[in-house]
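# Tertiary structure, described
Single-letter residue listing:
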Amino acid sequence: MHLVQEMALNLRDRKRQEFPYASEIYRIASYLDLHFAEQPDVEALAREHGMSYRNFLRYWKKQFLVPPGVYLRRKQLDEACRLLEDTDLKIYEIAARAGFVDPYYFIRAFHKEKRLTPGAYRAMQRKRIQFSAQ
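Below you will find a few notes about this structure. (Residues numbered from 1 in each chain as written. Predicted model: local features only at pLDDT ≥ 70, side-chain atom pairs only at ≥ 80, totals over all residues. Heavy atoms only, no water.)

### What about the packing of helix α5 (residues 68-86) against helix α7 (residues 103-114)?
- The contact between α5 and α7 brings their axes to 11 Å, and the two run at 95°. By the angle between their axes, α5 is roughly perpendicular relative to α7. On α7, the residues that touch Arg 73, Arg 74, Leu 77, Asp 78, Ala 80, Cys 81 and Leu 84 of α5 are Tyr 105, Phe 106, Ala 109, Phe 110, Glu 113 and Lys 114.
- Looking at the contact of α5 with α7, its residues break down into eight nonpolar, no polar and five charged. (Axes fitted to C-alpha atoms, helices over the stretch in contact; angles between N-to-C directions. Helix = DSSP H or I, 4+ residues; strand = E, 2+ residues; numbered from the N terminus. Parallel < 35°, antiparallel > 145°, perpendicular 65-115°, else oblique. Contact = heavy atoms within 4.5 Å. Nonpolar A, V, L, I, M, F, W, Y, C, P; charged D, E, K, R; others polar.)

### Observations regarding the layout of surface pockets
- If you add up the space inside the largest pocket, you get close to 200 Å³.
- As for the largest pocket, its lining consists of 14 residues, of which Gln 39, Leu 72, Arg 73, Gln 76 and Gly 99 are closest to the centre.
- Ranked by residue count, the leading element in the lining of the largest pocket is α5, at five residues.
- Residue classes in the lining of the largest pocket are distributed as eight nonpolar, four polar and two charged. (1 Å grid on protein atoms, 1.4 Å probe; cavity = no way out; pocket = protein on both sides within 12 Å on 5 of 7 lines; lining within 4 Å. Points joined across faces, edges and corners; volume = space filled by probe spheres on them.)

### With respect to the packing of aromatic side chains
- Following the criterion strictly, the structure yields eleven aromatic pairs and no others.
- Where Tyr 53 meets Phe 56, the ring centres are 6.1 Å apart and the plane angle is 25°; that geometry is what we call stacked. One end of the pair is Tyr 53 and the other is Phe 56, both in helix α4 (residues 53-64) and three residues apart, which spans about a single turn.
- Each ring, one from Phe 110 and one from Tyr 121, has its centre 5.5 Å from the other, and the planes form 75°; the classification is edge-to-face. Of the two residues, Phe 110 is situated in helix α7 and Tyr 121 in helix α8 (residues 118-133); the sequence distance between them amounts to eleven residues.
- Judged by relative accessible area, which is 10%, Tyr 121 ranks as buried.
- Among the aromatic residues, those joined into a cluster by ring pairs are Tyr 26, Tyr 53, Phe 56, Trp 60, Phe 64 and Tyr 71.
- Arg 58 extends its terminal NZ or CZ atom over the ring of Tyr 59, reaching a point 5.7 Å from the ring centre. (Phe/Tyr/Trp six-rings, centres within 6.5 Å; stacked < 30°, edge-to-face > 60°. Buried < 20%, exposed > 50% of the residue type's maximum accessible area, 1.4 Å probe, protein only. Lys NZ or Arg CZ within 6 Å of the ring centre and 35° of its normal.)

Set out below in structure tokens:
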């Protein structure tokens, strides 16, 4: 099993280096992973890493299969889910911490992605935890 995992990692690493600007794309992705709630300027990041925005989008989509905006939105919603599960913060506080300026937009985006409102998601997660604790 260890050999299979090693082969998969080697293949992934080779695939990462098969396109121009691979290291820059991964540096930008790492930055976005850490700063998703700060409304990062992706176009400026691309320029800072020596790419036109158009080239950046092309290489990004080849590697991640979704545009950077979708990638960021998913990071924000993942953080919102974590906060809904682990804290008692109000919905508008969670929206702000996840990087949403407008809490109503947050609710719409959350519902579109998860098919539940944030409050319903929180209630469902709490019921699930109570059920598994019994």
